[in-house]
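So the chains spell out like this:
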Amino acid sequence: MMEAQRFLTIDDLLTWPGDERVELIDGEIVQRPMSRFEHGQAQTALIGQAFPLVMQRQPGGWWIVPEISVRYNEHHCPSHDLAGWRKERLPERPSGVMTLLPDWVCEILSPGHERKDTVTHFLRLQRAGVPFYWIVSPEDRALIAYALDDGGYRAVFTAEGPDETSAKVRIPPFEAIEIDLGLLFGDLE
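Report follows, based on the coordinates.

1. Looking at the overall build of the chain
- Broken down by element type, the chain carries five helices and ten strands.
- In terms of overall size, the chain behaves like a compact globule, its C-alpha atoms giving a radius of gyration of 17 Å where 189 residues would be expected to give roughly 16 Å.
- Its C-alpha atoms give the chain principal-axis dimensions of about 60 × 35 × 35 Å.
- Within the chain, the proportion of its 189 residues that are buried is 48%.

Written as structure tokens, this is what we have:
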């Protein structure tokens, strides 16, 4: 007789031994990929360009943080590359593992872990009702921004390749600022 697999919980995640970077995905502890320079560059560029929104008080301000754990339910607590909450919904600085649904999540693809971000997170965040989901691929110089529309994600912005990713653009939900895609993809000249 085959033994049923026990779904791990947030308590298991919080007491996980060792120093490895892990997250809880659908009841399973999963090791996060090792960060690479391209990943960190994209993350830093987005945080830096969104900084005016972070510094802004209500209305229009955001809490935007990297590597944040968000508890969607007892068996699902991923660590998002970037996540943001509108200060209108979350006026006081939060702490600890987040339990409030983010207004925006951005995942930066890592080789070998693309499925988690393009399928698992995509479907989970769509079902949870996260209003905006971005996927950034540094290797492909691509960004796809999705907005929740009638219960499903709809692409509201796409850019791929050197011709499209050197522009300054306004992408929902951050229409208040221009995002320099060249800087996002490491063009520092």
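2. A few points about helix 3 (residues 114–128)
- In a regular helix each residue adds 1.5 Å, so 15 residues correspond to 21 Å; helix 3 covers 20 Å between its end C-alpha atoms and thus fits that length.
- Among the residues of helix 3, Lys116, Asp117, His121, Phe122, Arg124, Leu125 and Gln126 are the ones counted as buried.
- Lining the buried residues of helix 3 we find strand 1 (22–25), strand 4 (79–86), strand 5 (104–108), strand 6 (132–137), strand 7 (142–149) and strand 8 (152–160).
- Residue glycine 129 follows helix 3 closely and has a positive phi angle near 95°.

3. Remarks on the environment of valine 156
- Considering the arrangement of structural elements, one finds valine 156 in strand 8.
- Separated by 129 residues in sequence, valine 156 and glycine 27 have C-alpha atoms that sit 31 Å apart.
- Each residue touching valine 156, except ones within four places of it in the same chain, is listed here: Ala145, Tyr146, Ala147 and Pro172.

4. Remarks on the nonpolar core
- Counting 28 residues, the largest nonpolar core has Trp104, Trp134, Val136, Leu143, Ile171, Leu181 and Leu184 as the members making the most contacts within it.
- Listed by contribution, the elements that provide at least two residues to this core are helix 2 (37–55), strand 3 (62–69), strand 5, strand 6, strand 7, strand 8 and helix 5 (181–184).
- Counting residues in hydrophobic clusters, the runner-up holds 17 residues, among them Leu109, Val130, Tyr146 and Tyr153.

5. Digging into a negative patch on the surface
- Side chains of Glu114, Asp140, Glu160, Asp163 and Glu164 sit close together on the surface and give a patch of like negative charge.
- By the secondary structure assignment, glutamate 164 is in helix 4 (residues 161–164).
- According to the relative accessible area criterion, glutamate 164 is partly exposed, its value standing at 43%.

6. Things to note about the pattern of salt bridges
- Considering all chains together, one arrives at ten salt bridges under this definition.
- The residue arginine 71 makes a salt bridge to glutamate 74 at a minimum N-O spacing of 2.3 Å.
- What makes glutamate 74 partly exposed here is its relative accessible area of 28%.
- Of the charged contacts in the structure, one is a salt bridge between arginine 89 and aspartate 103, with a shortest N-O distance of 2.6 Å. Here aspartate 103 lies in the loop between strand 4 and strand 5 and arginine 89 lies in the loop between strand 4 and strand 5, a separation of 14 residues in the sequence.

7. Looking at helix 2
- The end-to-end C-alpha distance of helix 2, which contains 19 residues, comes to 26 Å, matching closely the 27 Å that a straight helix rising 1.5 Å per residue would cover.
- Along its length, helix 2 shows its largest kink, about 45°, at glutamine 49, and proline proline 52 lies within four residues downstream of that point.
- All buried positions along helix 2 are accounted for by His39, Gln41, Ala42, Gln43, Ala45, Leu46, Gln49, Ala50, Leu53 and Val54.
- Against strand 3, strand 4, strand 5, strand 6, strand 10 (179–180) and helix 5 lie the buried residues of helix 2.

8. A word on the packing of aromatic side chains
- Following the criterion strictly, the structure yields nine aromatic pairs and no others.
- Taken together, a centroid distance of 6.1 Å and an interplanar angle of 25° make the contact between tyrosine 133 and tyrosine 153 stacked. Separated by 20 residues along the polypeptide, tyrosine 133 in strand 6 and tyrosine 153 in strand 8 bring together distant segments of the chain.
- For tyrosine 153, a relative accessible area of 12% translates into the label buried.
- Here tryptophan 134 and phenylalanine 174 contribute two aromatic rings whose centre-to-centre distance is 5.6 Å and whose plane-to-plane angle is 80°, an arrangement assigned as edge-to-face. Of this pair, tryptophan 134 sits in strand 6 while phenylalanine 174 sits in the loop between strand 9 (168–169) and strand 10, and the two are 40 residues apart along the sequence.

9. Points about the environment of phenylalanine 7
- As for its position among the elements, phenylalanine 7 is in the segment before helix 1 (10–14).
- Its relative accessible area of 48% is what places phenylalanine 7 among the partly exposed residues.
- On a C-alpha basis, the gap between phenylalanine 7 and glycine 27 in space is 4.3 Å, while along the polypeptide they are 20 residues apart.
- Residue contacts for phenylalanine 7: discarding those within four places in its chain leaves Asp26, Gly27 and His75.

What counts as what
- Residues numbered from 1 in each chain as written.
- Predicted model: local features only at pLDDT ≥ 70, side-chain atom pairs only at ≥ 80, totals over all residues.
- Heavy atoms only, no water.
- Helix = DSSP H or I, 4+ residues; strand = E, 2+ residues; numbered from the N terminus.
- Rg over C-alpha atoms; globule rule 2.2 N^0.38 Å.
- Buried < 20%, exposed > 50% of the residue type's maximum accessible area, 1.4 Å probe, protein only.
- Expected span 1.5 Å × (residues − 1).
- Contact = heavy atoms within 4.5 Å.
- Core = buried A, V, L, I, M, F, W, Y, C linked by side-chain atoms within 4.5 Å.
- Patch = residues over 30% accessible without salt bridge, like charges linked within 9 Å, V, L, I, M, F, W, Y side chains within 5 Å.
- Areas by Shrake-Rupley, 256 points an atom, 1.4 Å probe, with all protein chains shown as cover.
- Salt bridge = Lys/Arg side-chain N within 4 Å of Asp/Glu carboxyl O.
- Lys, Arg positive; Asp, Glu negative; His and termini not counted.
- Charge placed at Lys NZ, Arg CZ, Asp CG, Glu CD.
- Bend = angle between axes of the 7 residues up to and from the residue.
- Phe/Tyr/Trp six-rings, centres within 6.5 Å; stacked < 30°, edge-to-face > 60°.

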